[in-house]
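Residues per chain are reported as follows:
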Amino acid sequence: MSEIEAIVASSDSFWEVGQYKRTVKRVEDGHKLCDELMKLIAERADIEKAYAKSLKAWAKKWNDSIGKGPEYGTMQASWMAFLHEADQRHDVQMSVRDKMMNEVYENVKKWQKEVYHKSVMGFKESKEFDELFKKAQKPWAKQYAKVDKAKKEYFLSCKNKKSAEIQENNAKSDQAVSQDQKAKLTDKVERLRKEVEANRQKYQHALDELNHVNPKYMEDMTDAFSRCQEFEEKRLCFSKETLTELSNVLNISADLRMPQIYRDLHSTIANADAGKDLKWWAKNNGTEMAMNWPQFEEYSEELKSITKKSKKGVGADAGDTVMLTSIQPASHDTRANDNWSTASRPNSEYRSVAAPVSASR
């Protein structure tokens, strides 16, 4: 592990070593957000489709029910108007679904493919941005590592000096400690004081060097960050355009068919006329219906239709009938050409003349 890799950031500040990675990760997040947006659109499109199918099924069910039910006239037409509205709304909702999938969804899919380019190790854009940041941060990180090392050495020497001073003070009041040991402790404290000063200067020098490269570091990091911001700005602007387009597709109030659908519905309901319906009922089911009132009828055998049934293979063809064509007063004379005899017509004042009628007539 290199010195740079060993550096532990003291905060989540962008300027800390390695903290730029959150910005680079936005590339991966942006691609994922495109997937999420397409999923959102597809699920809403399924809802629109399911709603349209439900409207269609509802209209069919009630069309059969109303058609066979007791409602009638202009009121039945008003009921049926809602089914017509449902059929038309089905078409509207299906057009919403089709636009969402064929236009909005496909547009996101196309844009994602054009902007994000996958590679074996992730996305090409992520790799490019990461390299920009690494290049900008490497010189500064090296110097920062020196500062961090000098700081640790300085702090350690200060700690050692403090410990030696405590030992020296304790030894001064301890009679068991020899003068030689006390002298060695005093020498140690003096040596550590010099070490502290040397490490302090080394630490300060490292900081000065770091401050010297800070402007260049900030410039290069800002340039790399700006490149990432520009890339992300494209996604944000595209997302706004897409969501605006989606809202327009879902706004069915802007569909020119919608006002006409409800104008027709309201017109049909407004045309419902109780008077017309009651009059229709009276004419077809009530007091205005025609009636064959019973009248006195004189009984007469000759007024009955005469049907001549043919026998198989004998006489007239099957279906031939004989019907009464005229009634003539019977004569009381006994002319030779008269085929009727008084003895043969019991109590009848009329005789019939019959004529065959073809079945085709």
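Refer to the structure presented above.
Residues numbered from 1 in each chain as written. Predicted model: local features only at pLDDT ≥ 70, side-chain atom pairs only at ≥ 80, totals over all residues. Heavy atoms only, no water.

**Overview of empty space enclosed by the protein**
Using a probe with the size of a water molecule, rolled over the atoms, empty space left in the structure can be pinpointed. Filter applied, for reference: With a 1 Å grid laid over protein atoms only, a set of points is called a cavity when a 1.4 Å probe fits there but cannot get out and a pocket when it is open yet has protein on both sides within 12 Å along at least five of seven lines; lining residues have an atom within 4 Å of a point. Grid points are joined across faces, edges and corners, and a volume is the space filled by probe spheres set on the points. Helix and strand assignments come from DSSP, with helices taken as H or I runs of at least 4 residues and strands as E runs of at least 2, each series counted from the N terminus.
Per the counting criterion, the structure on display carries 1 cavity of 30 Å³ or more. Approximately 30 Å³ is the volume attributed to the largest cavity. T23, R26, V27, F129, C228, F231 and E232 together form the lining of the largest cavity. Put simply, the parts of the chain that give the lining of the largest cavity at least two residues each are α1 (21–68) and α4 (179–250).

**Brief notes about the nonpolar core**
Put simply, the test is: What is meant by a nonpolar core is a set of buried Ala, Val, Leu, Ile, Met, Phe, Trp, Tyr and Cys residues, joined one to another through side-chain atoms within 4.5 Å. Working definition: with a 1.4 Å probe on protein chains only, accessible area under 20% of the residue-type maximum means buried, over 50% means exposed, and in between means partly exposed. What makes two residues a contact is simply this: any of their non-hydrogen atoms within 4.5 Å.
Within the largest apolar cluster, 47 residues are counted, with the highest numbers of intra-cluster contacts made by I41, M100, V108, Y116, F133 and M221. When contributions to this core are tallied by element, the ones reaching two or more residues are α1, α2 (73–115), α3 (124–172), α4 and α5 (257–270). A per-element tally of this core places α4 first, with 12 residues. Y116 has contacts with V27, G30, H31, C34, W111, F123, E125, F231 and R235, leaving out every residue within four places of it along the chain. Grouped together as the second largest cluster of nonpolar side chains are 5 residues, L55, A59, I66 and L83 included.

**Considerations on the side chain of Q112**
With respect to the helices and strands, the residue Q112 is situated in helix α2. Not counting residues up to four positions away in its chain, the partners in contact with Q112 are H31, C34, D35 and M38.

**Considering α1**
Put simply, the rule is: A helix is expected to span 1.5 Å for every residue after the first. Values of bend correspond, residue by residue, to the angle between axes fitted over the seven residues ending at that residue and the seven starting there.
Its 48 residues place the ends of α1 70 Å apart at the C-alpha level, agreeing with the 70 Å of an ideal helix rising 1.5 Å per residue. Maximum bend of α1: about 30°, positioned at V27.

**Let's talk about the packing of aromatic side chains**
Defined as follows: Note on aromatic contacts: the rings of Phe and Tyr and the six-membered ring of Trp form a pair at centre separations within 6.5 Å, being stacked when their planes are under 30 degrees apart, edge-to-face when over 60 apart, and tilted otherwise.
Enumeration over the complete set of coordinates arrives at 18 aromatic pairs. Relative to Y217, the ring of W15 lies with its centre 5.9 Å away and its plane at 65°, an arrangement referred to as edge-to-face. In this pair, W15 is assigned in the segment before α1 and Y217 in helix α4, connecting sequence segments 202 residues apart. An aromatic cluster of at least three residues, connected via ring pairs, comprises F14, W15, Y20, F133, W140, Y144, Y217 and F225.

**Things to note about the packing of α2 against α5**
What counts here: All axes are obtained by fitting lines to C-alpha atoms, using only the stretch in contact for helices, and the reported angles, taken between N-to-C directions, cover 0 to 180 degrees. Throughout, the term roughly parallel applies to angles under 35 degrees, roughly antiparallel to angles over 145, roughly perpendicular to angles from 65 to 115, and oblique to all others.
α5 packs onto α2 with a crossing angle of 175° between their chain directions and a minimal axis gap of 9 Å. Taken together, α2 and α5 sit at an angle that is classed as roughly antiparallel. Residues A77, S78, A81, F82, E85, Q88, R89, D91, V92 and S95 of α2 form the contact with α5, whose own contacting residues are R257, M258, I261, Y262, L265, T268 and I269.

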